[in-house]
Amino acid sequence: MNRKRVYSLFQINLILFISSSVLMIPMLVVIAYIFDLHLITSTTIIIAISAIVTLFYFFLGLLYIILKKEHFKRKLKPTYIKEFSTLFIINALGVLGTGVLFIYLGGPEKYVPHVIIPLFLVSYLLIFVAGERFFNINLLKK
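From a predicted model like this one, the values you see are computed outputs, not experimental measurements. (Residues numbered from 1 in each chain as written. Predicted model: local features only at pLDDT ≥ 70, side-chain atom pairs only at ≥ 80, totals over all residues. Heavy atoms only, no water.)

Q: How should the layout of surface pockets be read in this particular structure?
A: In this structure, the largest pocket occupies an estimated 270 Å³ of space. Those elements giving two or more residues to the lining of the largest pocket turn out to be helix H1 (9-22), helix H6 (81-104) and helix H7 (112-133). For the lining of the largest pocket, the leading source of residues is H7, giving five residues. There is about 150 Å³ of room inside the second largest pocket. In terms of lining residues, the second largest pocket is bounded by Asn-13, Leu-16, Phe-17, Ser-20, Tyr-57, Gly-61, Tyr-64, Ile-65, Phe-72, Thr-86 and Ile-90. Elements supplying a minimum of two residues to the lining of the second largest pocket: H1, helix H4 (43-67) and H6. (1 Å grid on protein atoms, 1.4 Å probe; cavity = no way out; pocket = protein on both sides within 12 Å on 5 of 7 lines; lining within 4 Å. Points joined across faces, edges and corners; volume = space filled by probe spheres on them. Helix = DSSP H or I, 4+ residues; strand = E, 2+ residues; numbered from the N terminus.)

Below, the structure written as structure tokens:
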């Protein structure tokens with residue numbers, strides 16, 4: 001019988017932290033686009049501020065994860081549904097932010113779907129595999 005491995009909350013939080021750190025700039029660009037900050041200031045400043053916020057987030061998050069490592073390593077769950085939902089939302093905002101970044105960097109708006117749709121399909125496939133392997137969630141079953 002082939003049993004699935006159960007990962008600790010530390011490993012799951014590490015996956016969430018890495019994915020949110022990688023996609024933080026696109027997520028912050030989406031927020032700037034929602035509030036029309038590109039009309040007030042230049043896109044270079046928006047991206048620079050997003051990069052600075054991302055650096056602070058990375059270092060503070062890394063410090064928090066290192067300090068709470070032993071606490072998180074002791075916690076196990078059979079499935080990580082809340083954490084998987086968080087990963088899905090982070091990914092969706094990151095893909096949308098990549099489309100907004102494409103516009104900010106001078107790409108024509110008519111090609112945004114050509115960027116977003118394949119990126120979403122690839123990222124959804126990666127999330128599907130990660131959900132099966134790490135989060136113990138099967139999206140094909142109920």
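Back to the text.
Q: Any chance you could explain the pattern of salt bridges here in plain terms?
A: Side chains that differ in sign of charge can pair as their charged atoms come close. Tallying each qualifying case throughout the model produces one salt bridge. Of the charged contacts, one joins Glu-83 and Lys-77 as a salt bridge, the two residues approaching to 3.0 Å between their closest N and O atoms. Judged by its relative accessible area of 10%, Glu-83 is buried. On the accessibility criterion, Lys-77 (32% relative accessible area) is partly exposed. (Salt bridge = Lys/Arg side-chain N within 4 Å of Asp/Glu carboxyl O. Buried < 20%, exposed > 50% of the residue type's maximum accessible area, 1.4 Å probe, protein only.)

Q: Just checking my understanding: could you explain a nonpolar patch on the surface for this structure?
A: Side chains of Ile-31, Ile-34, Phe-35, Leu-37, Leu-39 and Ile-40 sit close together on the surface and give an oily, nonpolar patch of about 690 Å² of accessible area. Elements that contribute at least two residues to the nonpolar patch include exactly helix H2 (24-34) and helix H3 (37-40). Here the nonpolar patch takes three residues from H3, the largest share from any one element. Within the secondary structure layout, Ile-34 lies in helix H2. (Patch = residues over 30% accessible without salt bridge, like charges linked within 9 Å, V, L, I, M, F, W, Y side chains within 5 Å. Areas by Shrake-Rupley, 256 points an atom, 1.4 Å probe, with all protein chains shown as cover.)

So far we have only geometry, and geometry alone does not tell us how the molecule works.
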